[in-house]
Amino acid sequence: MSEKTEVVVVGGGYAGVMAANRLTRRTDVAVTLINPRAEFVQRIRLHQLAAGTHDAVTEYGKVLNERVRLVVDSVSRIDAGTRTVTTSQGPVRYDYLVYAVGSASSAQQIPGVREFAHPLATLEDARTLRATLDAAPDATVTVVGGGASGIETAAELAEQGRKVTLICGATLNPYLSPKGRRTIAARLTRLGVTVLEGPQATEVTRHTVRLDDGREIEGQLVVWTAGFGVPDLAARSGLSTDPLGRLLTDETLTSVDDVRIVAAGDSAAPSGRPYRMGCQSAVQLGPQAAETVLSRIAGDQPAPADVGFAGQCISLGRHTGVFQFSHKDDTARNLHLGGRTGSGVKELVCRSTVWQLSYEARKPGVRTWWSKDPNRRQTLATATEPTPVTAP
Ligand SMILES: Cc1cc2nc3c(=O)[nH]c(=O)nc-3n(C[C@H](O)[C@H](O)[C@H](O)COP(=O)(O)OP(=O)(O)OC[C@H]3O[C@@H](n4cnc5c(N)ncnc54)[C@H](O)[C@@H]3O)c2cc1C
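Because the structure is predicted, anything quoted here is derived from the model rather than measured. (Residues numbered from 1 in each chain as written. Predicted model: local features only at pLDDT ≥ 70, side-chain atom pairs only at ≥ 80, totals over all residues. Heavy atoms only, no water.)

Caption draft 1: Representation of the pairing of strand β13 (residues 164–169). Taken across its six residues, β13 has six buried, putting it largely inside the fold. On β13, burial covers both faces: Val164, Leu166 and Cys168 on one face and Thr165, Ile167 and Gly169 on the other are all buried. With helix α6 (residues 148–159) bridging strand β12 (residues 141–144) and the parallel β13, this β-α-β connection has right-handed handedness. Once the chain exits β13 it traverses helix α7 (residues 178–190) before rejoining the sheet at strand β14 (residues 194–197), and the crossover so formed is right-handed. (Buried < 20%, exposed > 50% of the residue type's maximum accessible area, 1.4 Å probe, protein only. Helix = DSSP H or I, 4+ residues; strand = E, 2+ residues; numbered from the N terminus. Right-handed = clockwise from strand over helix to strand, strands pointing away.)

Shown next, in the form of structure tokens:
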């Protein structure tokens, strides 16, 4: 029987990897990370994978502390009573569990999306889309979703010479300042993207997207980026969740049902007021979830979690981008960087997330990445990218 405290982290994305690395700070803690893939997925580059400009994966060996045991599998159930998780390889026991299963595509309730649209939320989605695009080099593309992912995907494909229509919903990325939005709209126009602002997509057929103003937009391929849901593992396991399915926690990221379970990243809903989904929040929540566990092991009171936001970074193809600065409460400031500078900042951000993971792997707990401001949460919960939608 091991004398170490067993901590199982479910989900090896930005939050889960940061949490697993931070947990190695204590040598009397054994950390197991369970994730369905043997490589780390840089989800923030999935639009690049779809366009063929990046593979969007990194070896776990580069971002995970060597003391973390990686189990390549999927958790199908959490049994809080017996403190075990079920995997295809059998049950895994835990003393503490970090729930970090991230998010995935949703909007399946819109007719035709499941059958005809290509989602872009997971590695598999992006690889399938890449193969589909390769097989249809002249196909026109309709991208649904005017958030950052939709904009980035539309720009990336248009830059490669595709004819692209972007259906935004009410407003092109509501997060942006008016100036930032104008910069992005102008760049999309220069790339030849037809931007439809206002109408909502109501149905997808094989080659069209129907809008609520009666129009039908033709496009041989439909890419769906409008809305993220979350895996239903917590709900399926009888744990309390918010309406979307995120694990409901207190301010220390501890499940409201069980002191042995903490959550981080897109699948966490602290006090039912979740942070904006994003790797920006995930890399900050992961270590804080780990600190909650470490505090409990040490017999200390865990600290409330907090996340600091800097803004939103949007690539517009490989040479241009926008960095939209935000206020402390994650609302946009009237200030952005555009052009090559914006593109450079975006690339730096993409690289720096991987650096953060590997730094935490090498020096767990040496640096914290968040600032403290207890007043941010309410606004963050209503921020816009990626837009959570109610799961079907
Ligand atoms: C195209 C695109 C561009 C984006 N760009 C940005 C951006 O510029 N900035 C930004 O901040 N955010 C961006 N995001 C959002 C960002 O990628 C996510 O918010 C972020 O990945 C969330 O991190 P996470 O650790 O919570 O979850 P994830 O990174 O999704 O990781 C969760 C992991 O858990 C695994 N998992 C799920 N279920 C189980 C299970 N049952 N058992 C075991 N493992 C499981 C998943 O397979 C996955 O590996 C983008 C997303 C997309 C799709």
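From this point, the narrative continues.
Caption draft 2: Structural context of α6. Between its first and last C-alpha, α6 extends 16 Å over 12 residues, near the 16 Å set by a 1.5 Å rise per residue. Counting buried positions over the 12 residues of α6 gives 10, a clear majority of the element. Turning to α6, its buried residues are Ala148, Gly150, Ile151, Glu152, Thr153, Ala154, Ala155, Glu156, Leu157 and Ala158. Following α6 by one or two positions, Gly161 adopts a phi angle in the positive range, close to 95 degrees. (Expected span 1.5 Å × (residues − 1).)

Caption draft 3: Structural detail: the site of the ligand. In the vicinity of the ligand there are 34 residues, among which Ala15, Asn35, Arg43, Asp266 and Lys346 approach most closely. Contact distances for the ligand include 2.8 Å between an oxygen atom and a backbone N or O atom of Ala15. Here Gln280 contributes a backbone N or O atom positioned 3.3 Å from an oxygen atom of the ligand. Elements represented by at least two residues in the shell around the ligand include exactly α1 (14–23), β2 (29–35), α2 (46–51) and α9 (279–298). The element contributing the most residues to the shell around the ligand is α9, with three residues. Along the lines of polarity and charge, the residues of the shell around the ligand split into 17 nonpolar, 12 polar and five charged. (Near = heavy atom within 4 Å. Polar contact = N/O pair within 3.5 Å; in protein donor to acceptor, adjacent residues only side chain to side chain. Nonpolar A, V, L, I, M, F, W, Y, C, P; charged D, E, K, R; others polar.)

Everything listed here is a matter of geometry and, on its own, says nothing about what the molecule does.
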